[in-house]
Amino acid sequence: MARRALPATASTLTALTAIATLTLTACGGGGDAKSDDIKGADTGTATPTASASSAVDAQRPDISVPKDLTLVFDFKKPSDSDEATALDDASNFIRALKHSIAAQDPKDAAYQFYSTAGAAKYAESQIEAWVKGGWTPTGEDRYYDAVTSKADGAKAVLVSFCRNQAKSYSKDIKTNQVNYTKESLDSYLKYRILMKPSASSSGIWQAQQIEVEGKAKECRP
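Just so we're clear, the structure is a prediction, and the values are computed from it rather than from any experiment.

Student: Would you explain the nonpolar core in this entry?
Tutor: General note: in soluble globular proteins, nonpolar side chains tend to be found buried as a group. One finds Phe93, Val159, Phe161, Tyr191, Met195 and Ile210 to be the most contacted residues of the largest nonpolar core, which totals 37 residues. Per-element accounting of this core gives the leading share, 8 residues, to helix α3 (residues 81-103). Ranked by size, the runner-up nonpolar core spans 5 residues in total, among them Tyr144, Cys162, Tyr188 and Cys219.

Student: Even after reading the chapter, I still don't get the state of the cysteines, so can you show me in this structure?
Tutor: Two cysteines whose sulfur atoms are joined by a covalent bond form what is called a disulfide. Enumeration over the complete set of coordinates arrives at 1 disulfide. Covalently, cysteine 162 is tied to cysteine 219 through a disulfide, its sulfur atoms 2.0 Å apart. Across the S-S bond linking cysteine 162 and cysteine 219, the dihedral sits near -75°, which makes this disulfide left-handed. Residue cysteine 162 is located in strand β3 (residues 156-164), and its partner cysteine 219 is located in the segment after β7 (205-213); the two are separated by 57 residues in the primary sequence. The same class applies to cysteine 162 as to cysteine 219, namely buried.

Student: Would you mind going over the confidence of the model for the chain with me for this structure?
Tutor: Reading fine detail from the predicted coordinates is not recommended where pLDDT is low. Per-residue pLDDT for the chain averages 81, and the proportion of residues at 70 or more is 74%. For residues 1-54, every residue scores under 50 in pLDDT, and the model assigns this stretch 140 contacts once sequence neighbours within four places are set aside.

Student: Quick question: what am I supposed to make of the environment of leucine 158 here?
Tutor: As for its position among the elements, leucine 158 is in strand β3. Residue leucine 158 is classed as buried on the basis of its relative accessible area of 3%. Spatially, the C-alpha atom of leucine 158 lies 6.1 Å from that of methionine 195, the residues being 37 residues apart in sequence.

Student: Looking at this structure, how should I read the pairing of strand β4 (residues 168-172)?
Tutor: Remember that side chains alternate between the two faces of the sheet whenever the strand is regular. Within β4, 4 of the 5 residues are buried, which leaves it mostly tucked inside the rest of the structure. Pairing of strand β2 (residues 135-151) with β4 involves 5 bridges; the strand directions are antiparallel. The residue of β4 that forms the bridge with tryptophan 135 is aspartate 172. By the bridge criterion, 2 bridges tie β4 to strand β5 (residues 178-179) in an arrangement that is antiparallel. Bridge pairing in β5 links lysine 171 to valine 178. Linking β4 back to β5 in an antiparallel pair, the connection comprises 5 residues, with asparagine 176 at a positive phi of about 65°.

About the cut-offs
- Residues numbered from 1 in each chain as written.
- Predicted model: local features only at pLDDT ≥ 70, side-chain atom pairs only at ≥ 80, totals over all residues.
- Heavy atoms only, no water.
- Core = buried A, V, L, I, M, F, W, Y, C linked by side-chain atoms within 4.5 Å.
- Buried < 20%, exposed > 50% of the residue type's maximum accessible area, 1.4 Å probe, protein only.
- Helix = DSSP H or I, 4+ residues; strand = E, 2+ residues; numbered from the N terminus.
- Disulfide = S-S within 2.5 Å.
- pLDDT = per-residue confidence, 0-100.
- Contact = heavy atoms within 4.5 Å.
- Pairing = 2+ DSSP bridges.

Structure below.
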C-alpha cells in the first residue's frame, strides 16, 4: 500500500503536545480524528542497538510484563543509528507503561525512565485509570508498521506505528475475569511519539510527547 512519509514539521510537533486518551478496554480507541497518511518503511525490531553500552543497559529498569501478556513489536531496524535507538526506546516506553499498569503503580520508575513531559503525564493518566478500574492487561498486544524520521533540526526523532489490540484484553485483578471483546475498527490505533535523548542518562532516548489516534483505518489490514 503506497503511503507518503510524515513530515516532521512544526505543526506536527505542536500536535504532539496534546495528550491522547485511550478507552481502557481490549478494543479501546481514542478519538476518530483524521490522521496524516504515513509511509511504512525501514524501521526496526525493538532490540538493543550497538549504541547502547553495557553501562547503559545496567541502569535500565525492569520492564518485564506478566506471563499472560505478550507484547509483539513487528518492526524493521532503521539504518540510521539514532532512529534505530529512538525506535528501540519508544518500544521500551510501551513495555514500561504495560509493566507499570501491571504493577498498579502510577508513580512507577519504569515508565518515568523512558518518558518525560507530556508523554510521562499520558502514561501516568493511563495507569491511574487502570488502577481505578481494578484492571490489568492480558492477551497479545501487537505493534507494527513503524516509521521514523528526524525532527527538530535532527535533535529528535518522530516515531509512528500501528497497534492491533484485538487480542489484548483487560482482566479484573480481584476475580481474574477477562473482559473479552470482538475485533472491530476500535481495535486499531495509530501512535506518534516524539523521542529525544535523555538529559540525564547517556544512550537513552525518552518519549517527550505522544499522540494516539483511535479507529485508525490505515492500520487495519
